Amino acid sequence: MRDQPNPPTPEAPHPGGPAPGAGGRWEVPAGTRPPGGAVSPGPVRRPIPPPWRRGPNAVHDGPLGGGPFDDDAPTQQIARQGDGPSERFEDDRPTELIAPVGGVPSPSLMRSSGLMAIANLASRITGFLRQIALVAVLSFGLVNSSYTVANTLPNIVYELLLGGVLTSVMIPLLVRAQKEDADGGEAYTRKLLTTAGLALLVATVVAMLAAKPLVELYLGGQTTENANPELATAFAVLLLPEIFFYGIGALLGAILNSKGVFGPFAWAPVLNNVVVLAVLAVYALVPGEISLDPVRMGDTKLLVLGLGTTLGIVVQAVVLLPSMRKLGVSFKPLWGWDPRLSSAGGLALWVVAYVLIGQAGLIVTTRVGSSADPGAVAIYSNAWLLLQVPYGVLGVSLLTALMPRMSRSAADGRFDDVVGDLSLGSRLSAVFLVPISVLLTFFGTHVGLALFSLGAGNSGGGAGKLGLALAVSAFGLLPYAVTLLQLRVFYALTDSRTPTLIQLVVVAVKIPLLLLAPVVFTPENVVLGLMLANSLSFVVGAVLGQFLIARRLGHARSREVLSTTWRTLVASLVGGAVAYAVVRGIEALGLDLGTAGTAWVLLVVALLVSAPLMLLGMRLLKLEELGPLWRRLPGVRS
């Protein structure tokens, strides 16, 4: 992250920005366009800046709340390393580049953006291979669900105690210290490493001692045929040390990024996944099965899986140390408290509130799932992970490109440009994600069987049920992506309060829907209700976010987004329906290449049939967002 220019005030308007009106409200003169001319005319209203921008001596109550600062540097989130499904903010935020201090992004930074996108894709691919291997070894049963809950706890505890504060408060101040301090931020960096390291160590020890109540919070205290808190607790004791290494890895990665070194942090999760894949191979070779009654802490397979998973996170953090030493970063402890951290308490409270609200939804999800079916938690976790993959491929490159632009536009008071970038990101997301959502709706079961029917994966029909869960929830993919884009708008406006309030509404809608799942669905199909509730909550979040942005900035260009979305949807439905008819015809012929083999063949056929028809439909419906594609095709006019 680089420091932004001083925010425009009514007394000192930013050159080229909107003119201030009476009372410090921003007026965009009728008929004017921001630089670039990319924004279509819309209702010209007066965006009301947040309180900390309403006067020359305004005091921040946003991300750097509590004291006057000389800029409004927007918060950029650094996602936790790893590959599993994240429920901390109901999303899996991709790592975003923090530009080296001083100057505009250089060509080397742009190349680093490409490196980040490639590394993130590699991380997701290897992470998904890891999940496929895990299901092949454990199936979608009680052991997998217990492991999944236990493996989620380190992320939860880390985020609750330090993670959100670290990425949203401490790291932005690290960039500030590198620019402003006489020693280039060396003292601040050492204090941060010392204080955060101690806090992480204490948190890890406390969490390990509290492993049993933590597990019971998510699974309850009674061992049943559907839930085994004792086994989950045993896994948790082995996995909770990850808290320390998650935190240290995120902190070291942020320091490296702030100094312009991106490669090690980007590729570290890939190494973690490779380690866990090797651990799963060893697990499969160890004879016997994990004992469930009684649960034995010395069980060889339990130790291999638990300690091996933790080893992956250790390696993920340790691999960053050589790069830190190469930069000359000192690890010698330096005790003391930087006063700038105290002034950021307002943001920290909102970040922690965001995480706590999200955990309420996760607790209800886990409780409902584990009380209905032994594999529900594992199926939900893997289905949610799979549903995020398309967004992850698009999201890293899109957000890396749009976030700095939105931040600069917001700092300059060019709110129409902020809205324009939101509209562009939403429309590109629609063109990319709606066809995938339609294909998952038609062929979700085939996807589940193709990916997870190997080994023990389809034991008890788990792979097919996961595919069905994908099919009923795929409509939430675009609202999920749009919600994350909207959050970036609020972060660009240095507003951390509104995302938390949106989260509150989303979870308030989600929890009653989760509780209805056992009423509407049979126990073995409750996971379908959980996925459905998750996607519906994102629809609510996207609609609410769009409304609040329009209210805050005067307009949100929602009509453009809806126009692109419905045209993409029509073209996708036509292509998907034809492909579905063809696949059903092939199935009627009795094709049998094994469960996974048949599913793969049918998916390839579906893609070959649907993709050209979808593109043709989008061409006929004149989707401008695909203009660059048409221009690259020989003989096609844009």
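Details of the structure are given in the entry above.
Nothing here was measured: the structure is a model prediction, and the numbers come from that model.

**Q** Can you tell me about the environment of Trp384, naming the residues and giving the values?
**A** Tracing the sequence through the fold places Trp384 in helix H12 (residues 376–411). With relative accessibility at 2%, the residue Trp384 sits in the buried group. With 86 residues separating them along the chain, Trp384 and Leu470 place their C-alpha atoms 8.0 Å apart.

**Q** Describe in detail the packing of helix H15 (residues 477–492) against helix H17 (residues 526–553), supporting the description with residues and values.
**A** Direction vectors running N to C along H15 and H17 enclose 30°, while the axes themselves pass 8 Å from each other. In this structure, the crossing between H15 and H17 has a hand that is left-handed. Of the residues in H17, those in contact with Pro479, Tyr480, Val482, Thr483, Gln486, Val489 and Phe490 of H15 are Phe538, Val539, Gly541, Ala542, Gly545, Gln546, Leu548, Ile549, Arg552 and Leu553. Taken together, the residues of the contact of H15 with H17 break down into eleven nonpolar, five polar and one charged.

**Q** With reference to specific residues and values, describe the nonpolar core.
**A** Judged by nonpolar contacts, the single largest core of 66 residues is most densely connected at Phe452 and Leu466. Broken down by element, the residue count for this core peaks at 13 residues, all from helix H13 (residues 415–452). Each residue touching Phe452, except ones within four places of it in the same chain, is listed here: Phe128, Gln131, Ile132, Val135, Phe140, Asn382, Gly457, Asn458, Ala463 and Leu466. Counting 55 residues, the second-largest nonpolar core is a separate cluster that includes Leu134, Val157, Leu238 and Val276.

**Q** Before we move on, can you summarise the side chain of Thr233 with the specific residues and values?
**A** Here Thr233 is to be found in helix H5 (residues 229–239). Its relative accessible area of 16% is what places Thr233 among the buried residues. Within the structure, the side chain of Thr233 is placed 2.7 Å from the backbone oxygen of Pro229, a separation counted as a polar contact. Setting aside residues no more than four positions away along its own chain, Thr233 makes contact with Ala211, Lys212 and Val215.

**Q** How would you sum up the pattern of salt bridges? Please name residues and give values.
**A** With the rule as written, the count across this model stands at five salt bridges. For Arg414, the salt bridge identified is with Asp417, shortest N-O distance 2.4 Å. The class of Arg414 is buried, set by a relative accessible area of 19%.

**Q** Explain helix H6 (residues 242–258) residue by residue, including any values.
**A** Over its 17 residues, H6 runs 24 Å from end to end, which matches the ideal 24 Å to within 8%, given 1.5 Å per residue. By the criterion of burial, H6 is predominantly enclosed, with 15 of the 17 residues buried.

**Q** Explain the environment of Leu530 to me, using residue names and the numbers behind them.
**A** Along the chain, Leu530 turns up in helix H17. Separated by 150 residues in the primary sequence, Leu530 and Tyr380 place their C-alpha atoms 7.5 Å from one another. Look past the residues within four positions of Leu530 in its chain and what remains in contact with it is Thr365, Val368, Gly369, Tyr380, Leu514 and Ala517.

**Q** Before we move on, can you summarise the packing of helix H18 (residues 558–588) against helix H19 (residues 595–620) with the specific residues and values?
**A** Orientation of H18 relative to H19, taken along the N-to-C sense of each, is 150°, at an axis distance of 8 Å. Considering the angle they form, H18 stands roughly antiparallel to H19. H18 and H19 meet at a crossing whose hand is right-handed. Contacts from Thr568, Ala571, Ser572, Gly575, Gly576, Val578, Ala579, Val582, Val583, Ile586 and Glu587 in H18 reach Leu602, Val605, Ala606, Val609, Ser610, Leu613, Met614, Gly617 and Met618 in H19. Class assignment of the residues belonging to the contact of H18 with H19 gives a composition of 13 nonpolar, six polar and one charged.

**Q** Tell me about the packing of aromatic side chains, and please be specific about residues and values.
**A** Enumeration according to the criterion identifies eleven aromatic pairs in this entry. Centroid distance Phe128 to Phe452: 5.7 Å. Interplanar angle 65°. Geometry classified as edge-to-face. Placement of the pair is Phe128 in helix H1 (residues 107–138) and Phe452 in helix H13, with a sequence separation of 324 residues. Residue Phe128 is classed as buried on the basis of its relative accessible area of 10%. The class for Phe452 is buried, based on a relative accessible area of 1%. Ring centres of Tyr147 and Phe235 lie 5.5 Å apart, and the angle between their planes is 80°; this geometry places the pair in the edge-to-face category. Taken as a pair, Tyr147 in helix H2 (residues 142–180) and Phe235 in helix H5 lie far apart in primary sequence, 88 residues in all. Taking the relative accessible area as the measure of exposure, Tyr147 reaches 3% and is therefore buried.

**Q** For a nonpolar patch on the surface, give the residues involved together with the corresponding values.
**A** Where nonpolar side chains cluster on the molecular surface, the patch consists of Trp566, Val570, Val574, Val578, Val582, Leu613, Leu616 and Leu620 and spans about 690 Å² of accessible area. Sorting the residues of the nonpolar patch by element identifies H18 and H19 as the ones contributing at least two each. No other element matches H18, which puts five residues into the nonpolar patch.

**Q** Would you mind going over unusual backbone geometry in detail, with residue names and values included?
**A** In the Ramachandran plot, Ser139 falls in the positive-phi region, its phi being about 65° despite a non-glycine side chain. Relative to the helices and strands, Ser139 is located in the loop between H1 and H2. Residue Arg557 is not a glycine yet carries a positive backbone phi of 55°. With respect to the helices and strands, the residue Arg557 is situated in the loop between H17 and H18.

What counts, and where the lines are drawn
Residues numbered from 1 in each chain as written. Predicted model: local features only at pLDDT ≥ 70, side-chain atom pairs only at ≥ 80, totals over all residues. Heavy atoms only, no water. Helix = DSSP H or I, 4+ residues; strand = E, 2+ residues; numbered from the N terminus. Buried < 20%, exposed > 50% of the residue type's maximum accessible area, 1.4 Å probe, protein only. Axes fitted to C-alpha atoms, helices over the stretch in contact; angles between N-to-C directions. Left-handed = near helix turned anticlockwise from the far one by under 90°. Contact = heavy atoms within 4.5 Å. Nonpolar A, V, L, I, M, F, W, Y, C, P; charged D, E, K, R; others polar. Core = buried A, V, L, I, M, F, W, Y, C linked by side-chain atoms within 4.5 Å. Polar contact = N/O pair within 3.5 Å; in protein donor to acceptor, adjacent residues only side chain to side chain. Salt bridge = Lys/Arg side-chain N within 4 Å of Asp/Glu carboxyl O. Expected span 1.5 Å × (residues − 1). Parallel < 35°, antiparallel > 145°, perpendicular 65-115°, else oblique. Phe/Tyr/Trp six-rings, centres within 6.5 Å; stacked < 30°, edge-to-face > 60°. Patch = residues over 30% accessible without salt bridge, like charges linked within 9 Å, V, L, I, M, F, W, Y side chains within 5 Å. Areas by Shrake-Rupley, 256 points an atom, 1.4 Å probe, with all protein chains shown as cover.

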